Amino acid sequence: MGTYSFKNSQFLYQKALKVIPNGVYGHYGLAAGGPDSPIYFSIAQGATVHDIDDNEFIDYMCAYGPMILGYKNPTVDEAVRKQYEKGDTVMLSSPVMVELAETLVDTVSIADWAFFAKNGGDVTNLASMVAKAATGRKKIVKVNGGYHGVAPWMQDAGAPGTMEEDTSHIIAINWNAPDEFEKAIADHPGEIAGFISSPYHHPVFEDNVLPADGYWQKIESLCRANGIVLIVDDVRAGFRINLHGSNESFGFKPDLICFGKGLGNGYPLSALVGTDAMKDAVASVFYTGTMFFGSAPMAAALATLKELKRLDAAKVMTDIGSKLTEGLVKVAEDNGYNLKVSGVPAMPYLRITNDETFQVHNTWITECVKRGAYFLSYHNHFLSTAHTDEHLKKTWNIADEAFKAVKQGLKQ
Ligand code: PMP
């Protein structure tokens, strides 16, 4: 099997650098780093993506989550087409918005209402405002390494474009450390409005970590005892662990849940859902956007939720993710390497533990990408319902060749 070249991507990237800051920015920019990875796609279908050099990839990043039923899913796309024919962003809101809110309320266990926006960060930001509106307090507790978007309060102190004041009411504690939450409450009595966290810990550049036994129950009881709004950021994990909210799999009930990414199978939509107790607070916050009412993405989400339910998608993705990583671990072992898998099966984080410097790990990932399995060295991966056994078999072969290439490289 030959390895891919990325000449056309590189050429276009050089042009882009002249007219787009950083050429490609944000999380796409981080991945577009070296000469050994694709940057621009030509077409995507199911679980595969072609780049403009005509290379084909089995996509294990799923656009960082939105692709949950496969690219160009016919059921979702048909629903979108039909809605586009009627109109998308129009002078009035669409009936599909009400139907989608009803569906989310029926689907997500804690949801009594739904509020729609575009990106995940829109609703994590709204959630923090709702917590402040509901409690009349200032401070938000978050988890070190947790990502909630790019609003100034979510960024690291000192990040370019932010001011000290932006994070002066943010308290960061470590994951799986309820004692630190207890201490924060004791240090700031009556001042903490909300606690925000993903349902399990999925930072970048680090193994992912599930909640310890009793962790969420302790956090939940501390929130209840102290009038703190409990916010789950399910933007990334939403619908890949449990259709009814990832919290259901970890045995606790938040006040607010943020969804995005997979909600519309790639069409731009996010949602904040919450309990009746939060409804007045969210209604009191003035929060909107010109594009928030676009109805085609709502039709996409409605079709996506129906398909996720019909397919028992969280189980499908969990099973295929487990199978993928079991095979990869074995291929690694056969080649004398140890592949550590962390996080949940539908969103596995991979790390080769043989060297501390990550050189073997990074090279192996690059060699996989150069042969058509799109992995990322520092981020959890994503499975979809479009990944099949055929894709897995191809991927294991690619992984095997990539290990051999790593060994060959080390010998030279
Ligand atoms: N929360 C989590 C857990 C995320 O993973 C992300 C995006 N990676 C966000 C919030 C922000 O979502 P968006 O990029 O759609 O604003």
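Okay, so let's go over this structure. (Residues numbered from 1 in each chain as written. Predicted model: local features only at pLDDT ≥ 70, side-chain atom pairs only at ≥ 80, totals over all residues. Heavy atoms only, no water.)

### Some remarks on the site of the ligand
Alright, step 1. If you check the shell around the ligand, you find N119, G120, G121, Y147, H148, G149, H202, D233, V235, R236 and K261 and nothing else.
Alright, step 2. At 2.7 Å, a backbone N or O of G121 approaches an oxygen atom of the ligand.
Alright, step 3. Note that a nitrogen atom of the ligand is positioned 2.6 Å from one of the side-chain N or O atoms of D233.
Alright, step 4. Isolated, the ligand exposes 380 Å² of accessible area, and the fraction of that covered by the protein chains is 84%.
Alright, step 5. When grouped by side-chain class, the residues that make up the shell around the ligand number two nonpolar, six polar and three charged. (Near = heavy atom within 4 Å. Polar contact = N/O pair within 3.5 Å; in protein donor to acceptor, adjacent residues only side chain to side chain. Areas by Shrake-Rupley, 256 points an atom, 1.4 Å probe, with all protein chains shown as cover. Nonpolar A, V, L, I, M, F, W, Y, C, P; charged D, E, K, R; others polar.)

### Some words on the layout of surface pockets
Alright, step 1. Approximately 750 Å³ is the volume attributed to the second largest pocket.
Alright, step 2. Around the second largest pocket sit 29 residues that line it, and Y28, F41, V49, A63 and Y71 are the ones nearest its centre.
Alright, step 3. Counting residues per element, the ones that place at least two in the lining of the second largest pocket are α2 (26–31), β1 (41–45), β2 (48–51) and β3 (56–59).
Alright, step 4. Tallying contributions element by element places β1 first for the lining of the second largest pocket, with four residues.
Alright, step 5. Per-class residue counts for the lining of the second largest pocket are 20 nonpolar, five polar and four charged.
Alright, step 6. Mapped onto the domain boundaries, the lining of the second largest pocket takes at least three residues apiece from domain 1 (7–71 + 313–411) and domain 2 (74–311). (1 Å grid on protein atoms, 1.4 Å probe; cavity = no way out; pocket = protein on both sides within 12 Å on 5 of 7 lines; lining within 4 Å. Points joined across faces, edges and corners; volume = space filled by probe spheres on them. Helix = DSSP H or I, 4+ residues; strand = E, 2+ residues; numbered from the N terminus. Domains from an automatic or database assignment.)

### Considering helix α12 (residues 359–369)
Alright, step 1. Along α12, the positions that sit buried rather than exposed are V360, H361, W364, I365, E367, C368 and V369.
Alright, step 2. Elements that come into contact with the buried residues of α12 comprise β3, α11 (313–334), β11 (339–342), β12 (349–352), β13 (373–374) and α13 (389–411). (Buried < 20%, exposed > 50% of the residue type's maximum accessible area, 1.4 Å probe, protein only. Contact = heavy atoms within 4.5 Å.)

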